[in-house]
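# Geometric and topological summary
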Amino acid sequence: VLHMQVQLLDRYTAKKPAIGTLYLTATHLIFVETSCNTRKETWIIHHHIATVEKLPLTGTGYPLNISCKNFHVVHFVIPSERYCQDVYHSLLRLSQPGNYLFAFLYNPKQDEDDRRNGWGFIDSAMDFKRMGLPNEFWELTDLNKNYELCSTYHSELGIPKTARKDTVLGSAKFRSRGRLPTLSYYHKESNGAICRCSQPLSGISARCLEDEEMLQAISRANPNSTFMYVVDTRPKLNAMANRAAGKGYENADNYSNIRFQFVGIENIHVMRNSLQKLLEVCAMKSPTMSDYLTGLENSGWLRHIKAVMDAGVFLAKAVADEKASVLVHCSDGWDRTAQVCSLASILLDNFYRTIKGLMVLIEKEWISMGHKFTQRCGHVDGDPKEVSPVFTQFLECVWNLMEQYPCGFEYNEKYLLEIHNHVYSCQFGNFIGNCQREREEMRLKEKTFSVWPFLWENRQQYINPLYKCSLGREVLRPSTLPLNFKFWCGMYNHFDKGMQPKQSILDHLLTIIQKRVEGEKKMTDFQRKLAVMDGVLADECTLKSRPPEQTLMPPVSVAHTSKNMQIKEETIIQLAPTAGSKQI
Amino acid sequence: MEFAELIKTPRVDGVVLRRPFQPTVEGTLCLTGHHLILSSRQDNTEELWLLHANIDCIEKRFVGTLGTIIVKCKDLRVIQLDIPGMEECLNIASSIEALSTLDSVSLMYPFFYRPMFEVIEDGWNSFLPEDSFKDLESMTDEWRLSDVNQDYCVCASYPPLVAVPKDVDDDTLRKAAAFRHAGRFPVLSYYHKKNGMVMMRSGQPLTGTNGRRCKEDEKLINATLRAGKRGYIIDTRTIAVAQQAKARGGGFESEANYPQWRRIHKAIERSSVLQESLIKLVEACNDQSHNMDRWLSKLEASNWQTHVKEILTTACLAAQCIDREGASVLVHGTEGTDSTLQVTSLAQIILDPTCRTIRGFQALVEREWLQAGHPFQQRCVQSAYGNGSSVKVRCEAPVFLLFLDCVWQILRQFPCSFQFSEHFLVLLFEHAYASQFGTFLGNSAAERAKLKLSQKTVSLWSWVNRPQEAQRLSNPLYEANSLVIWPSVAPQSLLLWEGVFLRWNRSSRCLDEAYEEMVHIIEYNKELQNKVNSLRRQLAELETDDPLQHTE
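Basis of the calculations
The residue numbers shown here count from 1 along each chain, following its written sequence. To label them, take the chains in the order written and letter them from A, then take the ligands in the order written and number them from 1. Per-residue local features of the predicted model are confined to residues with pLDDT of at least 70, and side-chain atom pairs are confined, for both listing and counting, to 80 or more; whole-chain, interface and lining totals are unaffected and use all residues. Processing note: side-chain calculations cover all non-hydrogen atoms of the structure and skip hydrogens and water entirely. UniProt positions are given in the numbering used here, feature names are shortened, and annotations may be inferred rather than shown by experiment. Think of pLDDT as the predictor's per-residue confidence, scored from 0 to 100. Contacts are assigned to residue pairs that have any heavy atoms within 4.5 Å of one another. Nonpolar cores were defined as sets of buried Ala, Val, Leu, Ile, Met, Phe, Trp, Tyr and Cys residues, with membership established by side-chain atoms within 4.5 Å. Note on classification: 1.4 Å probe, protein chains only; a residue is buried when its accessible area is under 20% of the maximum for its type, exposed when over 50%, partly exposed between these limits. Strands here mean DSSP runs of E at least two residues long; helices mean DSSP runs of H or I at least four residues long; both are numbered from the N terminus. For the domain bounds, the source is a domain assignment made automatically or taken from a database. Two strands pair under a simple rule: DSSP has to find at least two bridges between them. Each aromatic pair joins two rings of Phe, Tyr and Trp (for Trp, the six-membered one) with centres within 6.5 Å, and gets the label stacked for planes under 30 degrees apart, edge-to-face for over 60, and tilted for any other angle. Here, a charge over a ring is recorded when the distance from Lys NZ or Arg CZ to the ring centre is within 6 Å and its angle to the ring normal is within 35 degrees. To get an axis, a line is fitted to the C-alpha atoms, and for a helix only the part in contact is used. The angle between two axes follows their N-to-C directions and goes from 0 to 180 degrees. Comment on the angle field: the value is read as roughly parallel under 35 degrees, roughly antiparallel over 145, roughly perpendicular from 65 to 115, and oblique elsewhere. Basically, the charged four are Asp, Glu, Lys and Arg, the nonpolar ten are Ala, Val, Leu, Ile, Met, Phe, Trp, Tyr, Cys and Pro, and anything else, Gly included, counts as polar. In short, buried area is how much 1.4 Å probe accessible area vanishes from two parts on joining, totalled over both. Any carboxyl oxygen of Asp or Glu within 4 Å of a side-chain nitrogen of Lys or Arg constitutes a salt bridge here. Distance and chemistry together define a polar contact, namely a pair of N or O atoms within 3.5 Å, with one atom able to donate a hydrogen and the other to accept it when in protein, and with adjacent residues in sequence counting only for side-chain atoms on both sides.

Under an unreviewed UniProt entry, the name given to chain B is Myotubularin-related protein 9, and the organism recorded is Esox lucius. Of the comments in the UniProt record for chain B, the one headed Sequence similarities (unreviewed entry) reads "Belongs to the protein-tyrosine phosphatase family. Non-receptor class myotubularin subfamily."

The name given to chain A in an unreviewed UniProt entry is Myotubularin phosphatase domain-containing protein, with the source organism recorded as Esox lucius. Quoted straight from UniProt, the Sequence similarities (unreviewed entry) entry for chain A says "Belongs to the protein-tyrosine phosphatase family. Non-receptor class myotubularin subfamily."

As a general rule, the predicted coordinates of low-pLDDT regions are not to be interpreted in detail. The predicted model of chain A averages 89 in pLDDT, with 90% of residues at 70 or higher. Long-range and interchain partners of residues 541–584 of chain A, a stretch whose pLDDT sits below 50, account for 80 contacts in this model, where long-range means more than four residues apart.

What follows deals with the nonpolar core. Counting residues in each nonpolar core, the largest one holds 226 residues, and the members touching the most others are Phe394(A), Phe361(B) and Phe501(B). Broken down by element, the residue count for this core peaks at 13 residues, all from helix α9 (residues 301–320) of chain A. Shared between two domains, this core holds at least three residues of each, these being domain 1 (2–96) and domain 2 (114–507) of chain A. Excluding anything up to four places from it in sequence, Phe501(B) contacts Leu76(B), Leu278(B), Leu281(B), Val282(B), Cys285(B), Trp304(B), Leu401(B), Asp405(B) and Leu496(B). In this structure, Val15(B), Leu50(B), Ile69(B) and Ala93(B) belong to the second largest nonpolar core, which totals 27 residues.

What follows is about the pairing of strand β6 (residues 62–68) of chain A. All names here are of chain A. Burial within β6 is extensive, with six of its seven residues counted as buried. With six bridges connecting them, β6 and strand β7 (residues 73–78) associate as antiparallel partners. Its bridge partner being in β7, Asn65 is matched across the sheet by His75. Connecting β6 to the next strand, β7, in antiparallel fashion are four residues, including Phe71 with a positive phi near 70°.

This paragraph deals with the packing of aromatic side chains. Counted under the stated rule, the structure contains 50 aromatic pairs over all chains. On the numbers, 5.2 Å between centres and 45° between planes, the contact of Tyr411(A) with Tyr415(A) is tilted. Cluster of aromatic residues (ring-pair linked, three or more members): Phe127(B), Phe361(B), Trp369(B), Phe376(B), Phe400(B), Phe403(B), Phe418(B), Phe420(B), Phe424(B), Phe440(B) and Trp461(B). Of note, Lys54(A) hangs over the ring of Tyr88(A), and the distance from its end group to the ring centre comes to 5.1 Å.

As a further point, take the packing of helix α9 (residues 304–323) of chain B against helix α13 (residues 399–413) of chain B. Residues and elements named next belong to chain B. Where α9 contacts α13, the axes come no closer than 10 Å and their chain directions differ by 70°. Compared by their axis directions, α9 and α13 come out roughly perpendicular. Where α9 approaches α13, its residues Trp304, Gln305, His307, Val308, Ile311 and Leu312 are matched on the opposing element by Leu401, Leu402, Asp405, Cys406, Gln409 and Ile410. Class assignment of the residues belonging to the contact of α9 with α13 gives a composition of eight nonpolar, three polar and one charged.

Attention now moves to the domain arrangement of chain A. All names here are of chain A. Domain boundaries assigned for chain A yield domain 1 (2–96) and domain 2 (114–507). A C-alpha centroid distance of 36 Å is found between domain 1 and domain 2. At the interface, 11 residues of domain 1 touch 25 residues of domain 2. Buried surface at the junction of domain 1 and domain 2, summed over both partners, amounts to about 1500 Å²; 57% is from carbon and sulfur atoms. The largest per-residue losses of area from domain 1 upon contact with domain 2 belong to Arg11, Tyr12 and Phe71, which jointly make up 45% of the total buried on that side. For the pair domain 1 and domain 2, the interface holds one salt bridge. For Arg11, the salt bridge goes to Asp496, with nearest N and O atoms at 2.8 Å. The interface formed by domain 1 and domain 2 includes eight residue pairs in polar contact (both at pLDDT 80 or more).

Attention shifts here to the interface of chain A and chain B. By convention, interface size is frequently given as the accessible area that disappears when the constituent parts associate. Each partner contributes to the interface: chain A provides 54 residues, whereas chain B provides 57 residues. Summed over both sides, the interface between chain A and chain B buries roughly 5200 Å², with carbon and sulfur atoms accounting for 69% of that surface. Summed over the three residues of chain A that lose the most area to chain B, namely Met289(A), Leu483(A) and Met533(A), the buried surface amounts to 14% of that side. Our count for the contact surface shared by chain A and chain B stands at four salt bridges. Across the pair Lys486(A) and Glu498(B) runs a salt bridge, and its minimum N-O distance is 3.4 Å. Where chain A touches chain B, the interface holds 12 residue pairs in polar contact (both at pLDDT 80 or more). At the level of secondary structure, the elements contributing two or more residues to the side of chain A that touches chain B comprise α8 (289–299), α9, α13 (390–404) and α20 (505–533) of chain A. In terms of residue count, the dominant contributor to the side of chain A that touches chain B is α20(A) (17 residues).

A few words now on the sheet that holds strand β14 (residues 325–329) of chain A. Residue and element names in this part refer to chain A. Taken together, the five strands give an open sheet; going across it, the order is β10-β11-β14-β12-β13, and neighbouring strands pair in mixed fashion. Each edge of the open sheet carries a strand with a single partner, namely β10 (182–186) and β13 (258–262). If you compare each strand with its neighbour and ignore which way they point, the axes differ by 25° on average. The sheet contacts of helix α5 (residues 209–220) involve β11 (193–197), β12 (228–232), β13 and β14, and relative to β12 the element is tilted by about 125°.

A word on the side chain of Glu218(B). Relative to the helices and strands, Glu218(B) resides in helix α5 (residues 215–222). Those residues in contact with Glu218(B) that sit more than four places away from it in its chain are Arg213(B), Asn257(B) and Tyr258(B).

Right under this line is the structure:
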């Protein structure tokens, strides 16, 4: 019997390490600290593990460094080489599970009907209705119902009413991967629309009349403007390089009344490398302020965030101020285009600044429009060059907006972080697969749970107490001066609690809101009792007429998600247990 | 001298005032002895009421006969005045220049200001050394209040009364003073009630190149150690800088002569370096043409955040020595009037919950800055725009501002542990640089006594401690926290103090709104809980009164 005392080291300081027992389950790595009186647990979902690294032997044992996709970094020291080796190999296998993802195991003891209904909780098609569609300018088409037109789009597309079928088909043929121009957001107030697509296959000189007609149809669908913007979110140089490969960008001479614009957001590879550099900055042990700021600058991360934000602001202004429509694309139209369109939607429409609205937006602009979550998040062992923090950047832009508009959003930072966690956790089916068709093939709606009802149930935690819906349909006009962009410590150093403010204003206010709900309830109770005593109200009568409990939100437990769930296979593989099992 | 001589043109009509994020105002510009006033004369409201003393520098520009004066203020605001007529513009400009750089302190506005409010409690008497010593006496009898400096002869920058170890007589103090920079012999700064450890501060010892020593100085500081205990000397300078100081007669305590003390050197920069940083930082914040890389690189190059980190780190070290190591500490740099005070005052914020209250913080500023002889007049004569002014000896430096910045950092990390809000810190920044109150005039207690400030001017504390003002400056999130609060000094945890540096460079509408909403939520909940409690009481009374009803 070996006495395994695994140490969990502090990432930054030489503080006394925590000693405890490491468990590997089918889905989680769990470290149970046994050195303190209160049982402290660290749960890491295998899907979150980005890299596992074995380091050479130190004085205390074999170091094993684990970095997670949610930026949790843990350094273990394991006393025995064999166990270290075991853990290492198990984690490598478990974190890259081929096609056997957590979502297919996850079973929170819910009714099958509830599970199925859960998938209907967010219906992105409903959002078109909310925008007032179909109307005299726009309609929904089922031309893509079998994914024949475009395999990476979803099946219902918004297109201008005046676009003929052959125009649509022709345009799709002229666009990279068939990703034809389709409606992303319609702004009722201005008639301006945001449409999205992929780059045209224009090469050096090719043109396509149907595509030109398609753009004209989009332009015509907005009676308030004589022109439309075509925004290529790539740097001009990249777009030009694509021409040599038979792709490229619109030649403004061929399209009538378009204003063409590059906005210069870098590609997924630049973003991946930038994040890598940013994380290196975060990992520095006791850096000087200069090291940190220079590192932050050299990573280029905030420059990229600003570029995305600038593009989003450009779109929102075009639609709201110039009442113009905008067509947006990058190369394939599933990364930068998704970022920019969804950001512009948030700026233009307060619905997306609500808890439910953000779900709809993510469902609509990211999931159903074919953002390749499986590849970008590296859910399964695949091409590392396809991994890129595109969605993380979108959330960071939203966070930046929340910093500038503390009363403008119904949700708080925790909501963004929890969504980010689940994008990578594969606990729910929503972010699995690269497009709608793939998800249908995987039959995710039959086999997995949707994350949205789960988040909705816990919404009390994600409320921004300062939210004022009175801001109404005000278009947000954030400043994009560099000094308004801050390093998102809550995301990238989320697990380094020492760096966070020791007292959280948000938590404080959430507690007050909770107390307020209870207080209001008590007040009504007391008032009623007093009334009864005064003889104003009859006793039984009040009991009957009491409103049902559900009108008041019961306090929601703030339990960690991982503790709420049950795993189908309860087998816990204890890898380093012996001493620990006695202690627990 | 009459102010009228300096005011060549007292009034100009048709002046246009431009400020970022505020509507343009056209109105009449008036110059008085102490104010620049611009009024559109609508609804009798003044659009601008600016103290000349708040003006850091001005720039003139002409396009034809339309002149423009850019007024850059010490509170970092920049405003533009378009003045029709070249002569008027030149007159106004030269008057502002003269009036904003008055030589004589006694011509400053505090000597003319008459309060529009009733002084309930005279701030000049709110924080007397005698009173704070009474608090000390209630905790320990190891210290005494010495009046050795009654006539400011032993140390010009010390107050008349200082706390010293009981067993050390005045004669020893005089001899120790002769061995310390500018006579600043070690005195008590803070007594840590929890374990009886103390923090002292002083000027550097005058060891010089040949290692002079002073038995009295050694005796004085050793008298603060318990038997068998060692203490820490925190020298705010790097060892290299401290070495260089020897050549100019200064130096540091050698191990040989101070065997009971362990010396630690830190790297807080000299005040002239801090001033450079402020200028660079404000320039970076005001230039809106920067791209992201340029902004970050300028922010880095300003080194401002580096100073914040260094000062906080040193303060944490001092606090750690006292609270965690259970050792007494002596802090000094060169003069003992700048970096020393930053460290001793911040350490108290960390250690002592009293310092985190509105009154306690005033007492701290009074004790550790004003009484301790921080030369406010010199340091605050210019702010970030005062580059290349007519001042002969450059001695301005944002030492106090850096202290406030550090307090803000701790406040941000412990938003519920301070009785005051950020507004109080911003207010102190403004008043340190330009004020209608006399509190920050003069460089030392001696100067303030000579200027008779307490008789001739109003104290800032008189105003701040009125109930409505204290209410405005209080932190709605405050919940008394008696613990030591350890701030994080990781770069990720230290932010640019937007409330000061970006204050004029962005619209504050959304942030103000959020603050009001927060206050509203908290106030509403308080009222609600009160109501609930009173209903509960009513109910309980009724229930005991009338047992028949008690059948539920």
